[in-house]
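Topology and contacts: notes
The primary structure of each chain is shown beneath.
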Amino acid sequence: MKLKTIASGLCLSLALGGCIQDEAPNVEAAVDGCTGKGIQSLTIDYLTKTIEVYVMNDDTQQELLFQLPEGATIKADNPMPGDNPPLYDFSKEDIRLFTVTAEDGLTKATYRVRLNRLLLPTFFAFEELKQQTPYNIIYLGGDRIMEWSSGNPGFQLTGMGFSPDDYPTLQIMEGYRGKGVRLRTSDTGSFGTMAGMRIAAGNLFIGSFNVSNALQAPLEATRFGYPFTKKPTRMTGWYKYQSGGEMQDEDGNPLGRQDTGDFYAVLYEAPTADYSLDGDLFPIDGRPMDSHIVLIARIPKTEETDQWTYFDLPFEQVEGKTPVTQEALDEGRYKLAVVFSSSKEGAYFRGAVGSTLWIDEVTIECEDQDNQ
């Protein structure tokens, strides 16, 4: 009887051992993320398997540290003489193909990696779309490389976006000249009520939006700014604005004051290449604005108007900050952020549904620069 029990236990142990030993290898072939020295911004389109890498430098080699599923490997399809992984040679071409092979050795996926060298434009006409549906993504300039960011990807999580017009940020056909952009504070429905995010302000900004932080750390989801090597002096352009009425806080309580829009540009110190300001740069709890800001051009009050109205905002030196020098600009120590919002406190989910800001023909004037 004892022998029989021991034999049964032995068989069971062997069977379990066999199960663990024979566990199927991982079949995921994907790039989950990517970092690297000098990368200012990076986007991954999982549908088209396209990775856009934005850098400021002109180096021929770029560090790419790919995050892969367990057991997966990645390899450049056409190795270049200057490749020394994780450094890859982009001296001959800006677009290279990389193939990810899953742990099983059979499942593969090829990604198209494009290295974009940043040159931030100084005139913005909002004429060209990179993506129309399910929401609009607008190119920053005519080079069709860099793009404006917005909170549209976060609004998509609410399930309230049934067409591009339902989203807070939208390109319009009737701007001041040609096309323009409309930013509207929108109701986020039952999803937003449960999440404590009852509104979504229409916003448009230079930088990036990390949708994975949209719910857990929304202020960190917005990353403002790209490297800038000129000293800005003014921001000019055209706007219209209509307030949605009395502001509400994040819990839906009336605040007793009218909602208003906001737009501004800041030049700020970037201690590292990957440093960016987040959505908390102008706190509403009495704390001072972010200490990295050196120059600021901000509208004092967004007046209601149904006519296109010209604005001209000088960049002002922040008290106590070291004046900007061309040497420091050339060394890449500064970034420029340009931000538009239909609700001034929209980053904190405070505002009025229906508040709408229209923007067009924006120029950043710079010292000794021809902006035309």
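Quick note: structure is the one above.
Procedures and definitions
Residues numbered from 1 in each chain as written. Predicted model: local features only at pLDDT ≥ 70, side-chain atom pairs only at ≥ 80, totals over all residues. Heavy atoms only, no water. Helix = DSSP H or I, 4+ residues; strand = E, 2+ residues; numbered from the N terminus. Buried < 20%, exposed > 50% of the residue type's maximum accessible area, 1.4 Å probe, protein only. Contact = heavy atoms within 4.5 Å. Areas by Shrake-Rupley, 256 points an atom, 1.4 Å probe, with all protein chains shown as cover. Core = buried A, V, L, I, M, F, W, Y, C linked by side-chain atoms within 4.5 Å. Salt bridge = Lys/Arg side-chain N within 4 Å of Asp/Glu carboxyl O. Pairing = 2+ DSSP bridges.

Attention shifts here to the overall build of the protein. A tally of regular secondary structure across the protein gives five helices and 29 strands. Considering only C-alpha atoms, the protein reaches an extent of 90 × 55 × 40 Å along its principal axes. The buried share of the protein, reckoned over its 372 residues, is 46%. The contacts in the protein between residues at least 6 apart in sequence include a share of 66% that link residues at least 24 apart. In the structure as shown, the protein presents an accessible area of about 18,700 Å², 51% of it carried by carbon and sulfur atoms.

Let us look at the nonpolar core. Ranked by size, the top nonpolar core spans 40 residues in total, and within it Phe 126, Trp 148, Met 235, Phe 263, Phe 340 and Ile 359 carry the most contacts. Sorting the residues of this core by element identifies β14 (180–184), β21 (232–242), β24 (262–269), β25 (293–298), β26 (305–314), α5 (326–330), β28 (334–341) and β29 (356–366) as the ones contributing at least two each. The element contributing the most residues to this core is β29, with five residues. If near-sequence neighbours (up to four positions away) are discounted, Trp 148 is found in contact with Phe 124, Phe 126, Ile 137, Ile 138, Tyr 139, Leu 140, Leu 204, Phe 205, Ile 206, Val 338 and Phe 340.

Tallying each qualifying case throughout the model produces 17 salt bridges. Between Arg 287 and Asp 285 there is a salt bridge; the shortest N-O distance is 2.9 Å. Residue Arg 287 is classed as partly exposed on the basis of its relative accessible area, which comes to 41%. One salt bridge in this structure joins Arg 350 and Glu 345, with 2.7 Å as the shortest N-O distance. According to the relative accessible area criterion, Glu 345 is buried, its value standing at 13%. A network of salt bridges, in which partner residues are shared, links Glu 250, Arg 257, Glu 345 and Arg 350.

This next bit is on the pairing of β24. Burial runs high along β24: seven of the eight residues are buried. With eight bridges joining them, β24 and β28 adopt antiparallel strand pairing. Bridged to Leu 267 within β28 is Leu 336. Both β24 and β25 contribute to a ladder of five bridges, which runs antiparallel. Following the sheet pairing, Tyr 264 is matched in β25 by Arg 298.

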